[in-house]
Amino acid sequence: MFIGPRLLPNILAVLVAIAVAPVVLAAPARAAECPNKDALGTSRVLEVDPATYPRVGLKSFPQTLPLEDHEIVLTFDDGPTPGLTDKVLAALSAECVHATFFMVGRGAADHPDLVRKIARLGHTIGYHTWDHPHLNKLAPDAAEANIDSGISAVEKALHGTSSTTPTTPFFRFPYFESTPHLLDRLEKRGIAVFGADFWASDWNKMTPEEELKLLTGRLETVRKGILLLHDPRQQTADMLPAFLRYLREHNYRVVHIVPTAAKTVSAQTQ
Ligand SMILES: [Zn+2]
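The structure contained in this document is the topic of the report that follows. (Residues numbered from 1 in each chain as written. Predicted model: local features only at pLDDT ≥ 70, side-chain atom pairs only at ≥ 80, totals over all residues. Heavy atoms only, no water.)

Comments concerning the coordination of the zinc ion
Then, in step 1: Looking at the zinc ion, one finds its protein donor set to be D78 (OD), H128 (NE2) and H132 (NE2), positioned 2.0 to 2.1 Å from the metal centre.
Then, in step 2: Positions of the donor residues of the zinc ion along the chain correspond to the pattern D-x49-H-x3-H. Taken together, the residues span a long stretch of sequence, with D78 in the loop between β3 (71-77) and α2 (84-94) and H132 in the loop between β5 (124-127) and α5 (140-159) at a distance of 54 residues.
Then, in step 3: For D78, a relative accessible area of 26% corresponds to the partly exposed category.
Then, in step 4: By relative accessible area, which is 18% here, H132 ends up buried. (Donors = N, O, S within 2.8 Å, 3.2 Å for Na, K, Ca; no water. Helix = DSSP H or I, 4+ residues; strand = E, 2+ residues; numbered from the N terminus. Buried < 20%, exposed > 50% of the residue type's maximum accessible area, 1.4 Å probe, protein only.)

Some details on the state of the cysteines
Then, in step 1: Taken as a whole and assessed by the stated rule, the structure comprises one disulfide.
Then, in step 2: What pairs with C34 in a disulfide is C96, and their sulfur atoms sit 1.9 Å apart. Its torsion about the S-S bond being 90 degrees, the disulfide of C34 and C96 is classed as right-handed. Here the residue C34 occupies a position in the loop between α1 (8-33) and β1 (42-48), and C96 occupies one in the loop between α2 and β4 (100-103), the gap between them amounting to 62 residues. (Disulfide = S-S within 2.5 Å.)

Focus: the pattern of salt bridges
Then, in step 1: Counted by the stated rule, this structure contains 14 salt bridges.
Then, in step 2: Here E144 makes a salt bridge to R185, at a shortest N to O gap of 2.9 Å. Remark: R185 occurs in helix α6 (residues 180-188) and E144 occurs in helix α5; sequence separation between them is 41 residues.
Then, in step 3: By relative accessible area, which is 12% here, E144 ends up buried. (Salt bridge = Lys/Arg side-chain N within 4 Å of Asp/Glu carboxyl O.)

And the structure:
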């Protein structure tokens with residue numbers, strides 16, 4: 001077909017419109033939710049079904065989440081801690097990104113308002129035992145009881161009633177110290193175990209600038225993955241705004257992990 005000079009601009013206009021259509025369609029949703037037009041933003045939501053992904057995180061397991069190059073999942077352990085967790089939440093909100101918080105039950109019991117605030121802001125809440133013990137040093141029953149106490153405390157903070165059935169079936173072992181028995185138990189209970197693909201080593205004392213340099217250097221190597229940080233660490237709370245800017249400026253995308261819809265519904269009806 002011959003395309004005349006008068007028709008060509010129209011065809012080009014249509015092609016351009018098709019090419020930019022996903023961007024145009026996506027922009028209003030993000031803009032409506034995020035007052036900061038320059039924000040990093042959450043790029044997509046990934047449903048994680050424990051039946052498909054019983055254990056993820058290459059630091060501990062052979063499998064991890066199906067992330068694309070430059071996709072990051074932000075996870076924070078050991079909170080909630082008033083002040084520092086609030087500062088982390090503010091940094092996340094400023095960039096309109098959603099993260100996952102693996103909470104220690106004792107902290108959740110002490111600060112239920114903060115647990116509910118994290119949920120209200122749309123973040124995912126996972127579980128991280130009652131008081132952060134070395135689970136591999138406990139008798140199996142005691143270890144599972146500690147896991148369940150942690151789940152119960154977070155559920156009580158979230159919903160006002162204790163339950164050992166987690167609203168979100170995501171768990172992380174303190175110190176990544178799993179045992180075959182506990183892994184088997186959690187898998188049978190339909191709870192996914194999260195390791196990590198990389199971390200900032202923020203349990204070591206360093207300045208926020210040093211932590212940022214260490215973390216971005218590692219990110220340049222791994223290029224994607226589940227990132228472990230600790231919201232009760234001052235240096236991490238201080239570093240986070242600059243790290244999120246770095247992600248934005250280097251075209252990284254934040255993926256928000258959530259339970260599968262079926263799992264959420266069943267949890268809500270229990
Ligand atoms: Zn921890």
